[in-house]
Amino acid sequence: MKSFLSLFALLMVCWVAPLQAETKSTPPRILAIGDSLVAWHKGRGRSIADVVAKSLDEPVRNRAVGGARMIYNLPVTGALGLSIPRQVAKGPWDWVILSGGGNDLWFGCGCSRCDRRIEKMVSADGRKGMVPGLVKRIRNSGAKVVMIGYLRSPGVGSVIESCKDDGDAYEARLSEMADAMQGVYFLSNADLVPHGDRSFHGGDMIHPSPKGSAAVGARVAELIKRVDRKR
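All of these numbers come straight from a predicted model, not from anything done at the bench.

(A) Examining empty space enclosed by the protein more closely. Per the counting criterion, the structure on display carries one cavity of 30 Å³ or more. Taken as a whole, the largest cavity holds about 460 Å³ of empty space. Elements represented by at least two residues in the lining of the largest cavity include exactly helix H1 (2-15), helix H2 (36-39), helix H4 (102-106) and helix H7 (164-180). A per-class count over the lining of the largest cavity returns 13 nonpolar, six polar and five charged.

(B) Seen up close, the pattern of salt bridges. Scanning the model with the defined rule gives nine salt bridges in all. Among the ionic pairs, Arg152 bridges to Asp168, the shortest N-O distance being 2.9 Å. Highlighted residues: Arg152 in the loop between strand S4 (144-148) and H7 and Asp168 in helix H7, separated in sequence by 16 residues. Asp168 gets classed as partly exposed once you look at its relative accessible area, which sits at 27%. Through salt bridges with shared partners, a single network forms among Arg29, Glu58, Asp94 and Asp228.

(C) Main features of the environment of Gly66. Inspection of the secondary structure assignment puts Gly66 in the loop between strand S2 (60-62) and strand S3 (95-98). Assessed through its relative accessible area of 0%, Gly66 is described here as buried. When the C-alpha atoms of Gly66 and Val38 are compared, they prove to be 8.3 Å apart, with 28 residues separating the residues in sequence.

(D) Spatial organisation of the sheet that holds S4. Spatially, S2-S1-S3-S4-S5 is the arrangement adopted by the five strands of the open sheet, whose pairing is parallel. Unpaired on one side and paired on the other, S2 and strand S5 (184-187) mark the two borders of the sheet. With direction set aside, neighbouring strand axes in the sheet form an average angle of 20 degrees. Inspection of the sheet shows S4 paired to S5 by four bridges, in the parallel sense. From the neighbouring strand, Met147 faces S5, where its bridge partner is Phe186.

(E) Region of interest: the side chain of Ser99. Inspection of the secondary structure assignment puts Ser99 in the loop between S3 and H4. By relative accessible area, Ser99 is classed as buried at 0%. At a separation of 2.7 Å, a polar atom in the side chain of Ser99 contacts the side chain of Asp35. Ser99 has contacts with Ile33, Gly34, Asp35, Leu37, Val38, Met70, Ile84, Met147 and Ile148, leaving out every residue within four places of it along the chain.

(F) Summary view of the side chain of Asn103. Locating Asn103 in the fold gives a position in helix H4. Judged by its relative accessible area of 8%, Asn103 falls in the buried class.

(G) Representation of the pairing of strand S1 (residues 30-33) within the structure. Burial of the side chains of S1 extends over both faces: Ile30 and Ala32 are buried on one face and Leu31 and Ile33 on the other. Both S1 and S3 contribute to a ladder of four bridges, which runs parallel. Residue Ala32 lies in a different strand from S3, and its bridge partner there is Ile97.

What counts, and where the lines are drawn
Residues numbered from 1 in each chain as written. Predicted model: local features only at pLDDT ≥ 70, side-chain atom pairs only at ≥ 80, totals over all residues. Heavy atoms only, no water. 1 Å grid on protein atoms, 1.4 Å probe; cavity = no way out; pocket = protein on both sides within 12 Å on 5 of 7 lines; lining within 4 Å. Points joined across faces, edges and corners; volume = space filled by probe spheres on them. Helix = DSSP H or I, 4+ residues; strand = E, 2+ residues; numbered from the N terminus. Nonpolar A, V, L, I, M, F, W, Y, C, P; charged D, E, K, R; others polar. Salt bridge = Lys/Arg side-chain N within 4 Å of Asp/Glu carboxyl O. Buried < 20%, exposed > 50% of the residue type's maximum accessible area, 1.4 Å probe, protein only. Pairing = 2+ DSSP bridges. Axes fitted to C-alpha atoms, helices over the stretch in contact; angles between N-to-C directions. Polar contact = N/O pair within 3.5 Å; in protein donor to acceptor, adjacent residues only side chain to side chain. Contact = heavy atoms within 4.5 Å.

Next up, the structure:
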């Protein structure tokens, strides 16, 4: 219970952090939405979105919110950011960076018997569910999508260790979704954290450290550069 309350407090700190300011002189072409994976360190200018912005030398609008879910059935008055689909802002955007689903597994089904929850988010073939529906809506606006996978626990004292199997199953479906949809890319981070290496995670062993955000952000930026070079 103590670990859960600590996690909740951390999420709320990130929730109330102000949305990243945009550069007025250059309208951003990249939007970042999702949960704490992308929102973490936003207030310090060291989030994944901040790293992408610096690497590409252009602004990124970051609307990600800690604690956000793909499926959010509670009243949303005053907390629209907790529903990831509601974070989508009017563009036009060339790219949307997206994370989400982890809180649905952690809070929605406790990372136990999550088959129905996963199916509701994304079907086995990657073509149906809340996430493909959101991605299709984004693609219909003309933007390409990079869906970011989560950091894995290094096996050292993480309270989300029990989520590994469900997380792997969920991300396998996200990979199927990306393969089935043009202009959609799934970026796995399952190989990023060496076993026993705590440096990619913060003190809670759940969220990314600045080093972890920098590593993921560098991968996202490189993917965007690679795809844009082919245009």
